[in-house]
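Structure at a glance
Take a look at the letters that make up each chain.
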Amino acid sequence: MTFEDLSSCVCRRTIIVVNSINGKKQEESYKDIVISKYIEAFLKKDYCFFDNKTRGRNLMWCNFERERDRIIATEELEKVELQDKKDLFFYLERTEELYIADYEEICKYVSSLEPWEEIDAAIFDKTLEWTIAVTHEDISILIGVEINTLMKEGK
């Protein structure tokens, strides 16, 4: 199934319309394995999906163990230079869906969201050496991305 196969999905009180992204949705069992490895690589050791105190979800990007290298406005996401932009993991945390997609397609999806459509997502590759967290606060958090080659010139 691709993003194009979906017309919309409900995400708590927010409807996210998914359109014009080419990506392959991953099976539930594979998603669980990949996300558990992501949590192990990037999040605090005591991270728990559900917070008993607030009776709500703990967003992954709020629980990073590693130092944040850089925070950028989400609108600048397409300017980030990555070594490999093909076949990246794209995890939509609110709907708990994992896709494999190219960076360009991910950026198109994120930039096509309307202001009222909230996103909390993670972009990473199979090495688990870096991640980009795209947040509902219109910022993106970069961890493990080379700072000196981070932004394309002239964009």
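Please read these numbers as outputs of a predicted model, since none were measured by experiment.

Per the secondary structure count, the protein chain includes 2 helices and 11 strands. Along the protein chain, helices (α) and strands (β) appear in the sequence β-β-β-α-β-β-β-β-β-α-β-β-β when read from the amino end. Here the protein chain, with 155 residues, has 45% of them falling under the buried criterion. Within the protein chain, contacts between residues separated by at least 24 positions form 60% of all contacts whose residues are at least 6 apart in sequence. Accessible surface computed for the protein chain: about 9,100 Å², of which carbon and sulfur atoms make up 46%.

The 7 strands lie next to each other as S3-S8-S7-S9-S10-S11-S6, forming an open sheet whose pairing is antiparallel. At either margin of the open sheet sits one strand with a lone partner, and together these are strand S3 (23-25) and strand S6 (70-73). Direction aside, neighbouring strands of the sheet carry axes that sit 20° apart on average. Two strands pair when backbone bridges link them, and strand S10 (residues 131-134) and strand S11 (residues 139-143) are joined in this way by 4 bridges, in the antiparallel orientation. What sits directly across from Ile132, in S11, is Leu142. Taken strand by strand, helix H2 (residues 103-112) contacts strand S7 (88-92), strand S8 (97-101), strand S9 (121-124) and S10, and its axis lies near 25° from that of S7.

Here we come to the pattern of salt bridges. Per the counting criterion, the structure on display carries 9 salt bridges. In this structure, Lys25 and Glu97 form a salt bridge, with 3.1 Å as the shortest nitrogen-oxygen distance. Taken together, the residues Lys25 in strand S3 and Glu97 in strand S8 connect sequence positions 72 residues apart. Of the residues examined, Lys25 reaches a relative accessible area of 30% and is grouped as partly exposed. The closest approach of N and O atoms between Asp120 and Arg94, which form a salt bridge, is 2.7 Å. Remark: Arg94 occurs in the loop between S7 and S8 and Asp120 occurs in the loop between H2 and S9; sequence separation between them is 26 residues. The exposure class assigned to Asp120 is buried, which follows from its relative accessible area of 1%. In the salt-bridge network here, residues are joined through shared partners; they are Glu28, Lys31 and Asp32.

Cut-offs used in this document
- Residues numbered from 1 in each chain as written.
- Predicted model: local features only at pLDDT ≥ 70, side-chain atom pairs only at ≥ 80, totals over all residues.
- Heavy atoms only, no water.
- Helix = DSSP H or I, 4+ residues; strand = E, 2+ residues; numbered from the N terminus.
- Buried < 20%, exposed > 50% of the residue type's maximum accessible area, 1.4 Å probe, protein only.
- Contact = heavy atoms within 4.5 Å.
- Areas by Shrake-Rupley, 256 points an atom, 1.4 Å probe, with all protein chains shown as cover.
- Pairing = 2+ DSSP bridges.
- Axes fitted to C-alpha atoms, helices over the stretch in contact; angles between N-to-C directions.
- Salt bridge = Lys/Arg side-chain N within 4 Å of Asp/Glu carboxyl O.

That's the geometry; what it means functionally is another story.
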